[in-house]
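So the chains spell out like this:
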Amino acid sequence: MSTVIRGGLVVSPAGAAAADVLVEGERIAAVADPGSALAQAWATAADRTIDATGKYVLPGGIDAHTHMEMPFGGTHSVDTFATGTAAAAWGGTTTIIDFAVQVKGTSLLSTLDKWHAKADGNCAIDYGFHMIVSDVNDESLKEMEACIGAGVNTFKMFMAYPGVFYSTDGEILRAMQRARETGSMVMMHAENGIAIDQLVAQALASGRTDPVHHSLTRPPELEGEATSRAIQLAKVTGAPLYIVHLSASQALAAVAAARDTGQNVYAETCPQYLYLSIEDMAKPDFEGAKYVASPPLREKSHQGDLWRGLRTNDLSVVSTDHCPFCFKDQKELGRGDFSKIPNGIPGVEHRMDLLHQGVVGGELSLSRWVEVASATPARMFGLYPRKGVIAAGSDADIVVYDPTAKQRISAATHHMNVDYSAYEGMEITGQVSTVLSRGEIVIDGGEFHGKAGHGKFLSRDRSQYLI
Ligand code: URP
Ligand code: ZN
Ligand code: ZN
Ligand code: ZN
């Protein structure tokens, strides 16, 4: 099957240019000047033509931080790999990297098997895994190597959630030393969980139980402190470091300072920290529970710094941390005790659209949008140039995006398997019109044409950012 995408503006981190994209089977065969003989020949010979006049042609979005079917606090996130990857495709994301979660007392490799059993044969788009290491011991440190061999070379650790995912500084140091030895990378959830747990206990003991106290007991200083500590541990070990879901100005300042010294430190933020705030968590009638995630939503004053960080590359990636729990039957578990509200916000469907508002509003250039949403995550996580670029030889993961279409985000129309939207009613300029995953049409004309099982597991190479 051959396809030609004609008349669009092809966008990359290097710029944007009018070009026709020629697809043969699963791969991009050529990117041709619209007036060229090659483009003319394909215009007549291709099995299928997609008219992209007036539209952007983007490398498919890569969401490097999702949680499908994730066990948490006695329940699990409600998107399956089937529903979550379909929703991702609706929003122009053609690759996800999800987190396999090691339970204490179990091995990394059995964890990986468990996550393959959930995902394999069920995804509409391609997917990879990171490994959450919650039990640092001789055996799991040794197993990191086998994980890398199995295509999983990024290991998330937690400075938060004592008793669950938490690792001590000593454990983190040992894992970083292994990362340094093996050419892999530690991803850090940087919040000081030991101090936070004291603040949480004090709040609950004094009757402060509403959702907003989730944010008030996790102050930005304790994200800044943990981020700085993680950076120092990385420096001592010589390991690279990737800070996940950075939300606070204090944490950004620590990352920027480390990067200014030349340290190999990277960070991502998420759309919820760019658009939502602690004011949402203070909504009455327990509605604030919809916005409970960790790190928590901050005061709006942090948002300008995050946008600036995206421009200066102190923030290099935008991922969603998609972790959907229903308002009615799951967030409800924490009514009367905010610490029991399952942590997470849905968003895998709306990352490209939400970031495009940054382009419309002058916060990000068109090229930078594509860079933080596709090209850099591909490079950061060992998928480039298979993913993250529109070039001959790359997978034909392509989004045709209409920059002038208008849409309104709503739970009534979204495709995520969750009963609310954190962005309910938000007016969006721009919308996906067509999505190809390895040459197959997944979304077109407002319809889903994908199928569960089309998506393949991505065995990832070493990060291109490692020195
Ligand atoms: O609240 C969140 N972010 N839930 C997902 C787990 C994590 O820490 O990323
Ligand atoms: Zn986290
Ligand atoms: Zn997460
Ligand atoms: Zn439900």
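Residues numbered from 1 in each chain as written. Chains lettered and ligands numbered in written order. Predicted model: local features only at pLDDT ≥ 70, side-chain atom pairs only at ≥ 80, totals over all residues.

- Labelled according to an unreviewed UniProt entry, the protein appears under the name Dihydropyrimidinase, originating from Fodinicola feengrottensis.
- For the protein, the Sequence similarities (unreviewed entry) comment in UniProt is given as "Belongs to the metallo-dependent hydrolases superfamily. Hydantoinase/dihydropyrimidinase family."
- On record in UniProt, under Cofactor (unreviewed entry), the comment for the protein is "Zn(2+)". (UniProt positions renumbered as here; feature names shortened; annotations may be inferred.)

## Things to note about the environment of glycine 105
Working step 1: With respect to the secondary-structure elements, glycine 105 resides in the loop between strand E9 (93–101) and helix H3 (108–119).
Working step 2: Between the C-alpha atom of glycine 105 and that of serine 319, which follows or precedes it by 214 residues, the distance is 30 Å. (Helix = DSSP H or I, 4+ residues; strand = E, 2+ residues; numbered from the N terminus.)

## Details of the nonpolar core
Working step 1: Counting 148 residues, the largest nonpolar core has Val21, Val57, Val186 and Ile243 as the members making the most contacts within it.
Working step 2: With sequence-adjacent residues up to four places away left out, valine 21 is seen in contact with Ile5, Val10, Ile28, Val31, Val57, Ile390 and Ile398. (Core = buried A, V, L, I, M, F, W, Y, C linked by C-beta atoms within 7 Å. Buried ≥ 20, exposed ≤ 12 C-beta atoms within 10 Å, placed from the backbone. Contact = placed C-beta atoms within 7 Å.)

## Some words on the site of ligand 1
Working step 1: The local shell around ligand 1 consists of His67, His189, His245, Ala293, Ser294, Asp321, Cys323, Asn343 and Gly344.
Working step 2: Considering only residue class, the shell around ligand 1 consists of two nonpolar, six polar and one charged. (Near = placed C-beta within 6 Å. Nonpolar A, V, L, I, M, F, W, Y, C, P; charged D, E, K, R; others polar.)

## Some details on helix H5 (residues 169–182)
Working step 1: When the terminal C-alpha atoms of H5 are compared, their 20 Å separation across 14 residues agrees well with the 20 Å that a helix rising 1.5 Å per residue should span.
Working step 2: Taken together, the buried positions of H5 are Ile172, Ala175, Met176, Arg178 and Ala179. One side of H5 carries all its buried residues, which in axial view fall inside an arc of 160 degrees. (Expected span 1.5 Å × (residues − 1). Arc of directions from axis to C-beta.)

## Quick look at the UniProt feature "domain: Amidohydrolase-related" (unreviewed entry) in the protein
Working step 1: With numbering aligned to this structure, UniProt lists the feature "domain: Amidohydrolase-related" (unreviewed entry) at residues 56–442.
Working step 2: As annotated, residues 56–442 comprises 37% helix and 19% strand, and the C-alpha atoms at either end are separated by 17 Å.

## Overview of the environment of glycine 382
Working step 1: One can find glycine 382 in the loop between helix H14 (366–380) and strand E16 (398–408).
Working step 2: Separated by 39 residues in the primary sequence, glycine 382 and asparagine 343 place their C-alpha atoms 28 Å from one another.
Working step 3: With residues up to four places along the chain from it excluded, the contact list for glycine 382 reads Asn153, Arg460, Asp461, Arg462 and Ser463.

## Structural notes on the pairing of strand E17 (residues 427–437)
Working step 1: With eight bridges connecting them, E16 and E17 associate as antiparallel partners. If you follow isoleucine 398 over to E17, its bridge partner there is leucine 436.
Working step 2: Pairing analysis gives four bridges linking E17 to strand E18 (residues 440–444), with the strands arranged antiparallel. The partner of leucine 436 across the bridge, within E18, is isoleucine 441.
Working step 3: Linking E17 back to E18 in an antiparallel pair, the connection comprises two residues, with arginine 438 at a positive phi of about 45 degrees. (Pairing = 2+ DSSP bridges.)

## Things to note about the packing of helix H13 (residues 351–360) against H14
Working step 1: Taken N-terminus to C-terminus, the directions of H13 and H14 make an angle of 150 degrees; their axes are 9 Å apart at the nearest point. Judged by the inter-axis angle, H13 sits roughly antiparallel to H14. Regarding H13 and H14, the two cross each other, and that crossing is right-handed. Of the residues in H14, those touching H13 at Arg351, Met352, Leu355, His356, Gly358 and Val359 are Leu366, Trp369 and Ala373.
Working step 2: Broken down by class, the residue content of the contact of H13 with H14 amounts to six nonpolar, two polar and one charged. (Axes fitted to C-alpha atoms, helices over the stretch in contact; angles between N-to-C directions. Parallel < 35°, antiparallel > 145°, perpendicular 65-115°, else oblique. Left-handed = near helix turned anticlockwise from the far one by under 90°.)

## Side note on H14
Working step 1: In this model H14 runs 20 Å from its N-terminal to its C-terminal C-alpha over 15 residues, within 8% of the 21 Å that 1.5 Å per residue would give.
Working step 2: Largest kink in H14: about 50 degrees, centred on valine 372.
Working step 3: Burial of H14 is extensive: 12 of the 15 residues sit out of reach of the surface.
Working step 4: Looking only at H14, the buried set comprises Trp369, Val370, Glu371, Val372, Ala373, Ser374, Ala375, Thr376, Pro377, Ala378, Arg379 and Met380.
Working step 5: Among the residues trailing H14, glycine 382 stands out with phi positive, at a value near 70 degrees. (Bend = angle between axes of the 7 residues up to and from the residue.)

## What about the sheet that holds strand E13 (residues 241–243)?
Working step 1: Taken together, eight strands build an open sheet; the order of strands is E6-E9-E10-E11-E12-E13-E14-E15 and the sheet is parallel. Among the strands making up the open sheet, the edge pair consists of strand E6 (61–66) and strand E15 (317–318).
Working step 2: Both strand E10 (residues 126–132) and strand E11 (residues 154–158) contribute to a ladder of two bridges, which runs parallel. Note on E11: the bridge partner recorded for isoleucine 132 is lysine 156.
Working step 3: Packed onto the sheet, H3 meets E9 and E10 and runs at close to 150 degrees relative to E10.
Working step 4: Its contacts with the sheet put H14 on E6, strand E14 (265–269) and E15, and the angle it makes with E6 is roughly 65 degrees.

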